[in-house]
Amino acid sequence: MTKMIFSCKYCMINKINNLLLFIYLFNVVFLPNDNFNLKIISLILLYVINITCFLSLNGADEKLIFYCGFVLTCITIFCSIVNTGVVLNNIKMGYPGYILLLYLIIKKRKLSFKKYFCFILSLMAVFVCLMGLLDIIQIIDLNDNLILLWLVETENAMVGKGSHLPIYYMIFLKTSPLLFILLFYSLRDKHYWLSILAIIALVLSGTRANIFILLIALSIYFIFVQKRLYKKILAVFMLLLVFLFMALNNFDLIIDIFVRKSSSDDVRSGHLQGILEVWNQDPLSLIVGSGYSAEFYSYGRNALVSNIELSYWNLLRQVGLICFIPMLYMYIYPLYRLILRHKYTETLPYLCYLIIAYTNPFLYSSTGITLLVFEYIEAFNANRIKQYKCRSVISLL
């Protein structure tokens, strides 16, 4: 009888955990700005309910996660508060590191993290494609779409259309680089229609980085990862046709894209110039950092800013070399371990994200750290409920 009561209690807690995890992941993907505070609330509740997961650390992976997710995050926030004298803003900007501790809960409670994450990414791909389709067939104009207008107003997306954009359309949900996970996992599991949806959604995001990294990553996948020779040849041939079609029919557009790129590069150069000036005036800040909430004068914006597109440089400015080096190790280690285990399907989307994050503020954020949790789970094979495949996503859809 006691065992039955304990089993029922465990099942109930597990259901609550999975529900909270789903709410958290949904908000990470669709509402990264956390407009309803559901992301932070669900995260705190997960930690409170599963506090015992942090009391014992077994294995090198759990110790590494605890150090990077808790100790290192505490140090960077504390140093930021000392450097700036500001408490709340530094905690708000520095807290994403604590998200890494989700790894311990997911592993010990055997939560359906990968299943939910891939399903929500599938929803995002369907959503973006549907929004584009509704405009193309002239049912709902993109600029009059109430859902997209709300996402833009709440700073969770950038939406527009016109010849001033690289591919005319821009339906850019701010977490769209996560779609690389859906793309390569669905290719691995031979669910090609889901891969096509992911490709269309990435193209419709309308950013140069997503489109160019997409073409390069697909080329790498089919040439070096795909094992069947006929698929390699067919894929390379199709990619060459795409490149030729784009070059011959959109030559002026390509030139225009690079003209706009040089303009945005000038802004980023101005950001970097401002950061270098900070270090020139205060060399010690290069070592100990300026703090998460510390502002600096950007010559790219001609204004005081604290959060910029150059993620790696900005993180170095905020935390200094002392903390930046272990934080960089935190990001690189799962990449190294995945390559060592020849898990190239898992490596490619993460590498794409890290490259895109160089010129976008995605690195040290709830999105970036949630992806890092996903990669650590893959690197250590920690989510062993079953070998998850994208067909589960399809059944859910």
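Summarised in this report is the structure supplied together with it. Sequence order as written defines residue numbering, which begins from 1 separately in each chain. Where local features are concerned, this predicted model is filtered to residues with pLDDT of at least 70; where side-chain atom pairs are given and counted, the filter is 80 or more; whole-chain, interface and lining totals use all residues. Heavy atoms from the whole structure form the basis of all side-chain values; hydrogens and water molecules are not counted.

## A closer look at the overall build of the chain
Phase 1: For the chain, the helix and strand inventory stands at 17 helices and 4 strands.
Phase 2: Relative accessibility thresholds used throughout: buried, under 20% of the residue-type maximum; exposed, over 50%; partly exposed, between the two (1.4 Å probe, protein chains only). Counting only residues that meet the buried cut, the chain has 52% of its 397 residues in that class.
Phase 3: Within the chain, counting contacts between residues at least 6 apart in sequence, those at least 24 apart form 73% of the total.
Phase 4: Under the convention used here, a 1.4 Å probe and the Shrake-Rupley method define accessible areas, while residue burial counts only the protein chains that appear. Entry remark: accessible area of the chain is about 19400 Å², with carbon and sulfur atoms responsible for 69%. Secondary structure elements follow DSSP: runs of H or I of four or more residues count as helices, runs of E of two or more count as strands, with numbering from the N terminus. It only takes one pair of heavy atoms within 4.5 Å for two residues to be counted as in contact.

## Remarks on the state of the cysteines
Phase 1: Defined by distance alone, a disulfide is two cysteine sulfur atoms within 2.5 Å. Scanning the entire structure with this criterion turns up 0 disulfides.
Phase 2: Considering cysteine sulfurs only, C79 is the nearest to C323, which forms no disulfide, with 5.3 Å between them.
Phase 3: The class of C323 is buried, set by a relative accessible area of 6%.

## Some details on the side chain of H271
Phase 1: By the secondary structure assignment, H271 is in helix 12 (residues 251–281).
Phase 2: With a relative accessible area of 1%, H271 lands in the buried category.
Phase 3: Think of a polar contact as two N or O atoms within 3.5 Å of one another; within protein, one of them needs to be a possible hydrogen donor and the other a possible acceptor, and neighboring residues in sequence only count if both atoms come from side chains. A distance of 2.9 Å separates polar atoms of two side chains, one belonging to H271 and the other to E309.
Phase 4: Residues in contact with H271, not counting those within four places in the same chain, are F296, S298, G300, R301, I308, E309 and L310.

## Quick notes on the packing of aromatic side chains
Phase 1: In summary, the pairing rule links any two rings of Phe, Tyr or Trp, Trp by its six-membered ring, whose centres are within 6.5 Å, and it sorts them by plane angle into stacked for under 30 degrees, edge-to-face for over 60 and tilted for everything else. Applying the stated criterion to the full structure yields 27 aromatic pairs.
Phase 2: Arranged with centres 6.2 Å apart and planes meeting at 45°, the rings of F113 and F374 form a pair that is tilted. Of this pair, F113 sits in helix 6 (residues 113–136) while F374 sits in helix 16 (residues 366–380); the two residues are 261 residues apart in sequence, bridging distant segments of the chain.
Phase 3: A residue is classified by how much of its surface remains accessible, and F113, at 0% relative accessible area, is buried.
Phase 4: Here the aromatic residues F22, F26, F30, Y116, F119 and F127 are joined through ring pairs into a cluster of three or more.

## Side note on the environment of G160
Phase 1: With respect to the secondary-structure elements, G160 resides in strand 1 (residues 157–161).
Phase 2: Separated by 17 residues in sequence, G160 and N143 place their C-alpha atoms 6.5 Å apart.
Phase 3: In contact with G160, other than residues within four places in its own chain, are L142, N143, L165, Y168, Y169 and M170.

## Regarding the nonpolar core
Phase 1: To form a nonpolar core, buried Ala, Val, Leu, Ile, Met, Phe, Trp, Tyr and Cys residues must be joined to one another through side-chain atoms within 4.5 Å. Counting residues in hydrophobic clusters, the biggest one holds 112 residues, and the most contacted among them are L100, L102, F180, L183, F184, Y331 and Y376.
Phase 2: If you tally residues by element for this core, the top one is helix 6, at 13 residues.
Phase 3: In contact with F184, other than residues within four places in its own chain, are A217, L218, Y221, T345, L348 and P349.

## Remarks on the pattern of salt bridges
Phase 1: Whenever Lys or Arg places a side-chain nitrogen within 4 Å of a carboxyl oxygen from Asp or Glu, that contact is recorded as a salt bridge. Considering all chains together, one arrives at 10 salt bridges under this definition.
Phase 2: Linking E378 and K114 is a salt bridge whose minimum nitrogen-to-oxygen distance equals 3.5 Å. Of this pair, E378 sits in helix 16 while K114 sits in helix 6, and the two are 264 residues apart along the sequence. Side by side, E378 and K114 carry an identical accessibility label, which is buried.
Phase 3: Across the pair D189 and R188 runs a salt bridge whose closest N-O atoms are separated by 3.0 Å.
Phase 4: The exposure class assigned to D189 is buried, which follows from its relative accessible area of 10%.
Phase 5: Look at the salt bridges and you will find they share partners, linking D61, E62, K107 and K108 into a network.

## Quick notes on the packing of helix 8 (residues 179–188) against helix 10 (residues 208–225)
Phase 1: Where helix 8 contacts helix 10, the two axes come as close as 12 Å, and the packing angle between them is 25°. It follows from the interaxial angle that helix 8 and helix 10 lie roughly parallel. By crossing handedness, the relation of helix 8 to helix 10 is classed as right-handed. Across the interface between the two elements, F180, L183, F184, L187 and R188 of helix 8 pack against N210, I213, L214, A217, L218, Y221 and F222 of helix 10.
Phase 2: Polarity classes work like this: nonpolar for Ala, Val, Leu, Ile, Met, Phe, Trp, Tyr, Cys and Pro, charged for Asp, Glu, Lys and Arg, and polar for all others, with Gly in that last group. Here the residues of the contact of helix 8 with helix 10 sort into 10 nonpolar, 1 polar and 1 charged. Orientation is described by lines fitted to C-alpha atoms, with helices fitted over the stretch in contact, and by angles between N-to-C directions that extend from 0 to 180 degrees. Should an angle fall under 35 degrees it is taken as roughly parallel, and over 145 as roughly antiparallel, whereas 65 to 115 is taken as roughly perpendicular and any remaining angle as oblique. By definition, any crossing whose near helix is turned counterclockwise from its far helix by less than a right angle is left-handed, and any crossing with a clockwise turn is right-handed.

## Digging into the packing of helix 6 against helix 9 (residues 192–204)
Phase 1: Relative orientation of the contacting elements helix 6 and helix 9 amounts to 60°, with a least axis distance of 9 Å. Judged by the inter-axis angle, helix 6 sits oblique to helix 9. Crossing of helix 6 over helix 9 shows left-handed handedness. Only L194, L197, A198, I200, A201 and L204 of helix 9 make contact with helix 6, whose side of the interface consists of S122, A125, V126, V128, C129 and G132.

## Topic: the environment of T76
Phase 1: The topology assignment puts T76 in helix 3 (residues 59–84).
Phase 2: By relative accessible area, which is 3% here, T76 ends up buried.
Phase 3: Leaving out residues up to four positions away in the same chain, T76 has contacts with Y292, V319, C323 and M327.

## Remarks on unusual backbone geometry
Excluding glycine, a negative phi dihedral is what most residues carry, and trans is how most peptide bonds are arranged.
Phase 1: Here E155, not a glycine, exhibits a phi torsion of approximately 65°, which is positive.
Phase 2: Relative to the elements of secondary structure, E155 occurs in the loop between helix 7 (146–153) and strand 1.
Phase 3: We note that N302 has phi near 55°; this positive angle belongs to a residue other than glycine.
Phase 4: Mapped onto the fold, N302 is located in the loop between strand 3 (296–298) and strand 4 (303–305).
Phase 5: You can call N302 exposed: its relative accessible area is 52%.

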